[in-house]
Amino acid sequence: MPDPQRPRIGIVGTGAIGGFYGLMLARAGHDVHFLLRSEYAAVVEQGLRLNSAVHGQLHLQPVQAWSSAAEMPACDWLLVGAKTTSNAELAPVIAQLAAPGAKVVLLQNGLAVEEQLRPLLPDSLHLLGGLCFICTHRAAPGVIEHQSLGAVNLGYHSGPAGSLEARQALVEEGAELFRSAGLESTAMADLQQARWQKLVWNVPYNGLSVLLDAGTTRLMASADSRGLILDLMQEVVQGAAACGHVLPEGYAQKLLAVTERMPDYLPSMYHDFKHKRPLELQAIYAEPLAAAAAAGCELPKIRMLHQALRFLDAS
C-alpha cells in the first residue's frame, strides 16, 4: 500500500516538461515513475540527463521507467507533460494509472484543455491545471536542455473535492511537492485566470517563432516584431477581461522585460513545426478566440496569426 507521506508520482509524457519536473522530483527523494514509449530503451540504459543553466548537470540513474501502463503501478499524482493534441488518446492511460482519488495535473499550455479531458476521465479523479514558466527542450532521447526559469503554478479544475477549502488544500499539497524539489510553485485560486495569464506569453512567442523562424532574442531585437508581440499580448489581455479575468496592471510589459533578460529561446511550437509534429493550435489559439468571441470581443491580430499557422500546419 502506498505511503500517504510519500505519494507515488507518475509522469505521462516524458519529454522536456515531464522529464524536467520528474527528474527534479525524483532527485528530491520522491517516488517517481516514468511512462515512456519510443525513448524507453534509451532511458533504461542511459538514465535521464538534465543540462541546466540553473541547476547544473544532473543525471538520474536508475530511472523507474515503464513501457506499458498495464505494468506501471497506480499513482497518487499523475503529471501529464504530453502535448494537448494527444489528450484524447491519453485519457484511458491516465484512468488506468490513477490510484483511487488520484490527482491528475495537466502541465500543458492553452485554454479549455481540462474541459476537453474531463468527460473522458472517471469522476473520482481530481483534475488540476499546471502552468509551467520554463525554457526547456528535449535535445536527444533522455536528454533535456534547460535554459532558464522553472516555476509551475497549479489550480484546481474539477473533481470530488466539494468545498473551496478542500480544493485549495489539494492545490497547496501539489505546489508543496514542487517546492520540495527546489522549484517555485504557487497555488492559484483561479485556474482560468492563470491560463489566460500564461497565454499572454504563449500566443505571441509560440506563433511568431514559427512564422518568422526566429527565437526570442531576434524577435525582441526588431522594433517591428517587438511591436507586434506587444499588440498580440494586449489582445490576450482584452480577451481575458471580456471573459471576466482582469489580469494584473502592466502584465504584458512585465513579460516583455522578463523575456528580454532570458537567453535566446525557441518555444515548443517552433520545435514541433521543425519536427513536423502537429501544432497545438486548438488550445493556444482557437479556444481563446472562441471564448473571447462568445463574450463579444474580437481579437483580429491573434485571428490572423492563427490563420497563418493553420496554413503552415496543413502544409
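Cut-offs and rules
- Residues numbered from 1 in each chain as written.
- Predicted model: local features only at pLDDT ≥ 70, side-chain atom pairs only at ≥ 80, totals over all residues.
- Heavy atoms only, no water.
- Helix = DSSP H or I, 4+ residues; strand = E, 2+ residues; numbered from the N terminus.
- Rg over C-alpha atoms; globule rule 2.2 N^0.38 Å.
- Buried < 20%, exposed > 50% of the residue type's maximum accessible area, 1.4 Å probe, protein only.
- Contact = heavy atoms within 4.5 Å.
- Areas by Shrake-Rupley, 256 points an atom, 1.4 Å probe, with all protein chains shown as cover.
- Lys, Arg positive; Asp, Glu negative; His and termini not counted.
- Charge placed at Lys NZ, Arg CZ, Asp CG, Glu CD.
- Salt bridge = Lys/Arg side-chain N within 4 Å of Asp/Glu carboxyl O.
- Phe/Tyr/Trp six-rings, centres within 6.5 Å; stacked < 30°, edge-to-face > 60°.
- Lys NZ or Arg CZ within 6 Å of the ring centre and 35° of its normal.

## Here we look at the overall build of the chain
Argument step 1. What the chain contains, in helices and strands, is 12 helices and 10 strands.
Argument step 2. Taking 315 residues into account, the globule formula puts the C-alpha radius of gyration at 20 Å, and the chain, at 19 Å, falls close to it.
Argument step 3. Overall, the C-alpha framework of the chain stretches about 55 × 45 × 35 Å when taken along its three principal axes.
Argument step 4. Burial statistics for the chain: of 315 residues in total, 55% are counted as buried.
Argument step 5. In the chain, 70% of the contacts between residues at least 6 apart in sequence involve partners at least 24 apart.
Argument step 6. Here the chain displays about 13,400 Å² of accessible surface, and carbon together with sulfur accounts for 55% of that area.
Argument step 7. The chain carries 23 positive and 29 negative side-chain charges, and their two centres are separated by 4 Å.

## As for the pattern of salt bridges
If the charged atoms of two oppositely charged side chains come close together, the side chains can form a pair.
Argument step 1. Taken as a whole and judged by the stated rule, the model has 13 salt bridges.
Argument step 2. Across the pair E114 and R195 runs a salt bridge whose closest N-O atoms are separated by 2.7 Å. Taken together, the residues span a long stretch of sequence, with E114 in helix α4 (residues 113–117) and R195 in helix α6 (residues 191–212) at a distance of 81 residues.
Argument step 3. Given the relative accessible area of 0%, E114 is considered buried.
Argument step 4. Three or more residues joined by partner-sharing salt bridges are found here, namely K83, D272, R277 and E280.

## So, the packing of aromatic side chains
Argument step 1. Applying the stated criterion across every chain, the model contains four aromatic pairs.
Argument step 2. Their ring planes at 40° and their centres at 6.3 Å tell us that W201 and Y265 sit as a pair that is tilted. Of the two residues, W201 sits in helix α6 while Y265 sits in the loop between α9 (251–261) and α10 (268–274), which places them 64 residues apart along the sequence. For the pair W201 and Y265, a shared accessibility class is recorded, and that class is buried.
Argument step 3. A network of ring pairs unites the aromatic residues F20, Y21 and F178 as a single cluster.
Argument step 4. Cation over ring: K198 sits above F133, and NZ or CZ is 5.4 Å from the ring centre.

## Some points on the environment of E173
Argument step 1. Here E173 is to be found in helix α5 (residues 164–180).
Argument step 2. When the C-alpha positions of E173 and D31 are compared, they lie 16 Å apart, and in sequence the two are 142 residues distant.
Argument step 3. With sequence-adjacent residues up to four places away left out, E173 is seen in contact with W77 and K103.

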